Every structure is written in structure tokens, then in C-alpha cells.
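# Tertiary structure, described
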Amino acid sequence: FMLSRFCFSICFLLTFVMSTLAEESSPSQKSSSHEAAIVEDQFSVTEHTVTINGKEIPYTAMAGKLLMKSDAGETKAEVFFVAYTRNDVTDLSNRPVSFCFNGGPGSSSVWLHMGMLGPRFIKFPADASTLKPPFKHQPNPYSLLDITDLVFIDPVSTGFSRPAKGEEKSQFHGYYEDLRSVGQFIHDYTTRFKRWGSAKYLIGESYGGLRAAGLAGQLRNRYNMELNGIVLVSAVVDFATIRFNNNNDLPYMLFLPSYTATAWYHKALPADLQAQSLTDLLKQAEEFALGPYASGLLQGAAIDATTRASLVEQYARLTGLSKEYVERSNLRVTMSRFGKELLRDRGLTVGRFDSRYTGIDRDQNSDSY
């Protein structure tokens, strides 16, 4: 699960941040119309410092758009990015650069940017309570900027990236279309800012994992650009692992340990399990999910009654659900149903993206969100 209320809060903050950047840019960088905006690349540049691992890191922040052009020189799109580069480096060949993007695939990079990797990030309550205005950001002591420059990419049609006037957005939508456009941006940025000699990494979240896997081949085959590594954050590289279907038991096994962790956090487990450490409890859940539970699902309707009853009982204990609910679900509880059922007696649902969060259940009779 990932942050459920992240979206609402970051939208407010990103609007504030980008407004501030726009005000700091020089008049020559501003544009009064879309037509003017695509005449040339536009950048807003400021300098800052951040303390990471006890050391002060000086850096340059650049927000702007690169024009994506065809081989014939026609402008096809404006691609927005935010780049953070350490400015006390004299030899860029010794300084890695990481290209970062979220998933969706219709998502901008704001989540990784303002929630995890950027030198400043949103201040969230430590207890996962609802974030209340006024929204604030603060220095990020966990940013990777001390060891690599960071370039956050908004793929076309996400964030502030748009097709050029008269261009069909369909040429950027689709798996291979996405690889071509994001790959071209990485090539263009690398060329424009002289980073060919730098070690290059991709950091992709969710669908960004599938994108990163495809980009490895796209960059090599199209631009002869080799990567030094790929970082996957809650990534999807095989959709069979997350799609709950009647003919696909894989996600039911893989999600079960997360159900256990969620139930433990909300104190919804039997007392003997609740008293254990999360680490020990997760080990039990993983062993059950990949052992007896996986074997039982594989047997399908051929499973004997005794084995089935044992699995129902163990599943219920490890997830905080009732045995009756597990039985009625045929030992297969989807993520959305679990999120509705776990705290139903409290009138609450748990977050789809970060299950520490809860929300008021508007319809306690329904089976899913």
C-alpha cells in the first residue's frame, strides 16, 4: 500500500512551490502564451543548501521545460522537469545522475520528488494522522542528493508536460510510446547538460518499474546509452502480481503479509499475535503464504475439507478477518475487500496506498471501496 492522502496534500504544496519558482524567474524566462512557451526551452534556476548525513550539501535547483523535437526539428511536446545538481562538483564524469519518475502511468513525478527523494519534502505527521493546512515542506535529510544528482521527469500529459499545439497526445500514450518519449527526454537532457560521462541511473515507482525495465533497452538500442543501475520503488514489472482475478492466485499469496502488517498496526489481530514484533509476525505470514496457503490454492476444488478448514483458520488469525468472511471469500480476499472489511466494525476503511491511514466508511454494507 502507498500513501492514500499524499495526493491531496501534495497538490496544494506543488502549486505553492511552482508559483514561487515562477516568481523567482527572470522576466525573459516568462511567457504570456502557449505559442511563446514553445519558442525555446525555459528554465528557472536557484541555489540552495541542505544537510544530509550531517554534511551541508550545496546544490542548484532547476525547474523548466525541454522541447521534445522530431528528427526533422518539429516541436512535438514540452516536457517539464525539476533537476537538483550538486554545485561543488568540478568533474561531472565523477558525479552520478539519476532520472526519477512515478507510475500511473498517468502520474507526474511529484510523489517521489516531494515525498521521498527531493532535498525538500512534505512534513507529514509521524502518527499517520490526516495532514491539516497550512501545508509545509522542510529539508529532507534522507535525500539522495549527497550521492547523485536527481532529475524528476513528468511524462507527456502528466504534471506540467503537454503535447505541442496541434500534436496528438496519442503519440505519447501507450507502453512503447511512453518509452520513446521518456527515453528521448533522458537523451536530450544528458546531451544538453553534458552528462554523457556521468554514471546514469533510473529510479521508478509503481508503473515506473515497468517503464524503467523498458527504458534500459530503449536507451541502449536508440541512443547507445548504457545504464549503471535501476532502482525499483514499490514497482510493478509483472501485472499478474497485482491483478486479483479468478484465474490468477498469485496476488492473493503476495498481498497476505501486507494484510498481516496492516492488521497488526490497527491492533486487529488475536492477542497472542498482536503481542509479537512485526518482524517475527511477518516471517510467519510469509511462510504461511508461500507454503500451506499457496499449496491449498493450487489444489483448487480438490482440497480436502480438513485442510481447507485449517487454512481458513490460519488465514483469519493472520489477517484479522473472521473465519466466516474468509470462508465466504473462498480463501481469496482482494485488496479492496480487505480494506473495507478489516475495520468494518469500527466504521472505518484502511488506506489503499498507505494502510496506516483510515477513512470514514460511507457505506458499511458494500464489499469494496
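See the structure shown above.
This section reports on the structure supplied with the text. Bear in mind the structure is a predicted one, so any value in this text is a computation, not a measurement. (Residues numbered from 1 in each chain as written. Predicted model: local features only at pLDDT ≥ 70, side-chain atom pairs only at ≥ 80, totals over all residues. Heavy atoms only, no water.)

## Description of a nonpolar patch on the surface
Formally: Patch construction takes residues with relative accessible area above 30% that form no salt bridge. Like charges are linked within 9 Å, and nonpolar side chains (Val, Leu, Ile, Met, Phe, Trp, Tyr) are linked within 5 Å. Residue burial considers only the protein chains on display, and all accessible areas are found by Shrake-Rupley using a 1.4 Å probe. The rule for a salt bridge is simple: a side-chain nitrogen of Lys or Arg has to be within 4 Å of a carboxyl oxygen of Asp or Glu. Secondary structure follows DSSP: runs of H or I at least 4 residues long count as helices, runs of E at least 2 residues long count as strands, and numbering of each begins at the N terminus.
On the surface, Ile-230, Leu-232 and Val-237 cluster together into a nonpolar patch covering about 250 Å² of accessible area. Tracing the backbone through its elements, the reader meets Leu-232 in strand S10 (residues 229-233).

## A look at the packing of aromatic side chains
How we decide: Each Phe, Tyr or Trp ring (for Trp, its six-membered ring) is paired with any other whose centre lies within 6.5 Å, and the angle between the two planes then decides the class: stacked below 30 degrees, edge-to-face above 60, tilted in between. Three labels apply to residues, based on accessible area from a 1.4 Å probe with only protein chains included: buried if under 20% of the type maximum, exposed if over 50%, partly exposed otherwise in between.
For the structure on display, the rule yields 19 aromatic pairs. Ring geometry for Phe-80 versus Phe-160: centroids 5.1 Å apart, planes at 70°, classification edge-to-face. Taken as a pair, Phe-80 in strand S3 (residues 75-86) and Phe-160 in the loop between strand S7 (149-153) and strand S8 (162-163) lie far apart in primary sequence, 80 residues in all. Residue classification places Phe-80 among the buried positions, given a relative accessible area of 7%. For Phe-160, a relative accessible area of 36% gives the class partly exposed. Summarising the aromatic geometry, the rings of Phe-81 and Tyr-189 are spaced 5.6 Å apart at their centres and angled 75° between planes, so their arrangement reads as edge-to-face.

## What about the packing of helix H6 (residues 250-265) against helix H9 (residues 305-319)?
Operational definition: Angles shown run from 0 to 180 degrees and are taken between the N-to-C directions of axes, each axis being a line fitted to C-alpha atoms and, for helices, limited to the stretch in contact. Reported orientations rely on four angle classes, namely roughly parallel under 35 degrees, roughly antiparallel over 145, roughly perpendicular from 65 to 115, and oblique for the rest. The contact criterion used throughout is that any non-hydrogen atoms of two residues lie within 4.5 Å. Classification used: nonpolar for Ala, Val, Leu, Ile, Met, Phe, Trp, Tyr, Cys and Pro, charged for Asp, Glu, Lys and Arg, polar for all others including Gly.
Contact pair H6 / H9: the axes reach a minimum separation of 7 Å and the direction vectors enclose 50°. With respect to H9, the element H6 is oriented oblique. Residues Leu-256, Tyr-259, Thr-260 and Ala-263 of H6 form the contact with H9, whose participating residues are Tyr-315, Leu-318 and Thr-319. Classifying every residue of the contact of H6 with H9 gives five nonpolar, two polar and no charged.

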